[in-house]
Amino acid sequence: MPTNPAASPPRKLAAGNWKMNGLSAQLAEARALADAFPAPGVGVLLCPPATLLATMAQATAGSAIGLGGQDCHEAEKGAHTGDISAAMLADAGASHVILGHSERRADHGETSEQVAAKLRAAWGAELVGIVCLGETAEERAAGRTLGVVGAQLAGSLAEGATAANTVIAYEPVWAIGSGQTPTAEQIAEVHGFLRAQSPDPAISLLYGGSVNPGNAAAIFAIPGVDGALVGGASLKAVDFGAIVTALQTA
Ligand code: 13P
């Protein structure tokens, strides 16, 4: 199976999370992105549904576009119907895997402890884990943002997390898919806090939540923001390409 080699993750990273969107027709967007950025100079990652990983690896072969999964099981293999292992993702061409996304924490009750176990499983397959965390609107309104993300960080990062094997994505739950984004001060505050709490100061810290071509440059100008984890706007090569360009010039 062709693989897009996992380079040591560049600090600047634009990662597209396709979530549960994308049939094979969607591969054209990956191809267009690969054609537009043969050597982008920043990390560019697409995380499609697992069903598309292997064909997307072929569609982007020879380009600088990396691939990621959206979740993995904490066990290496075994009797876990419907789940996918880190080794399977790597075998299909992934170099990264998103872990602990708020949609998985909400839909599947994933705990930070499970996220840490999944992160260890990802490392076992030589995948870089993109660990997601973020507060709800209620938690922010109650002044609990830093307490919540601090607890998620402490619980979700397995011992041994470094810039070579882990990326952190701050995604306020209320900003995901809502068109709302925090203020620059709010993002800078959380990123500064996460940077101070993280075990390796070189770990790449992404912002996620309603990033689009219109706000990407302003978000990338915020101190402590190394890139973005993009949902809806990553489904179209032209939009995600504009976000990649904004990161290149940040
Ligand atoms: P949107 O960019 O669609 O708000 O989604 C963000 C996200 O959840 C990425 O993981």
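For the structure, see preceding data.
Residues numbered from 1 in each chain as written. Predicted model: local features only at pLDDT ≥ 70, side-chain atom pairs only at ≥ 80, totals over all residues. Heavy atoms only, no water.

## Details of unusual backbone geometry
Positive phi, normally seen in glycine, also occurs at Lys19, with a value near 50 degrees. For Lys19, the position within the fold is in the loop between strand S1 (13-17) and helix H1 (27-36). Exposure remark for Lys19: the relative accessible area of 21% places this residue in the partly exposed category. Despite not being glycine, Ser210 has its phi angle at roughly 60 degrees, a positive value. Accessibility expressed as a relative area gives 17% for Ser210, which makes it buried. (Helix = DSSP H or I, 4+ residues; strand = E, 2+ residues; numbered from the N terminus. Buried < 20%, exposed > 50% of the residue type's maximum accessible area, 1.4 Å probe, protein only.)

## A word on the packing of H1 against helix H2 (residues 50-59)
The interhelical angle for the contact between H1 and H2, taken along N-to-C directions, is 35 degrees, at an axis separation of 9 Å. Crossing of H1 against H2: the hand is right-handed. Together, Leu27, Ala30 and Arg31 of H1 and Leu52, Thr55, Met56 and Ala59 of H2 make up the contact between the two elements. Residue classes in the contact of H1 with H2 are distributed as 5 nonpolar, 1 polar and 1 charged. (Axes fitted to C-alpha atoms, helices over the stretch in contact; angles between N-to-C directions. Left-handed = near helix turned anticlockwise from the far one by under 90°. Contact = heavy atoms within 4.5 Å. Nonpolar A, V, L, I, M, F, W, Y, C, P; charged D, E, K, R; others polar.)

## Quick look at the packing of aromatic side chains
Using the criterion set out here, one finds 1 aromatic pair in the structure. Here the aromatic rings of Tyr170 and Tyr207 are separated by 6.2 Å at their centres, their planes lie at 65 degrees, and the arrangement is edge-to-face. With a gap of 37 residues between them, Tyr170 in strand S6 (residues 166-170) and Tyr207 in strand S7 (residues 204-208) connect regions that are remote in the sequence. For the pair shown, Tyr170 and Tyr207 are each scored as buried. (Phe/Tyr/Trp six-rings, centres within 6.5 Å; stacked < 30°, edge-to-face > 60°.)

## Description of the layout of surface pockets
If you add up the space inside the largest pocket, you get close to 500 Å³. Contributing to the lining of the largest pocket are 20 residues, with Met20, Gln70, Asp71, Arg104 and His108 lying nearest its centre. Class assignment for the residues of the lining of the largest pocket results in 7 nonpolar, 7 polar and 6 charged. (1 Å grid on protein atoms, 1.4 Å probe; cavity = no way out; pocket = protein on both sides within 12 Å on 5 of 7 lines; lining within 4 Å. Points joined across faces, edges and corners; volume = space filled by probe spheres on them.)

## Focus on the pattern of salt bridges
A complete count under the given rule lists 8 salt bridges for this structure. Its salt-bridge partner being Asp226, residue Arg195 comes within 2.8 Å of it at the nearest N-O pair. Note that Arg195 is positioned in helix H8 (residues 184-197) and Asp226 in the loop between helix H9 (216-220) and strand S8 (227-230), a separation of 31 residues in sequence. Each of the two residues, Arg195 as well as Asp226, counts as buried. One salt-bridge network, in which partners are shared between bridges, spans Asp71, Arg104, Glu110 and Lys118. (Salt bridge = Lys/Arg side-chain N within 4 Å of Asp/Glu carboxyl O.)

## Thoughts on the side chain of His101
Within the secondary structure layout, His101 lies in the loop between strand S4 (96-99) and helix H4 (102-107). His101 has contacts with Asn17, Lys19, Cys132, Glu171 and Ile176, leaving out every residue within four places of it along the chain.

## A closer look at the pairing of S6
Across the 5 residues that make up S6, a large majority, 5, are buried. Burial of the side chains of S6 extends over both faces: Thr166, Ile168 and Tyr170 are buried on one face and Val167 and Ala169 on the other. Where strand S5 (residues 128-133) lies against S6, 5 bridges are found, and the strand directions are parallel. Considered in S6, the bridge of Leu133 is made with Tyr170. Pairing analysis gives 4 bridges linking S6 to S7, with the strands arranged parallel. When the sheet's bridge partners are listed, Tyr170 is paired in S7 with Tyr207. The handedness of the S6 to S7 crossover, carried by H8, is right-handed. (Pairing = 2+ DSSP bridges. Right-handed = clockwise from strand over helix to strand, strands pointing away.)

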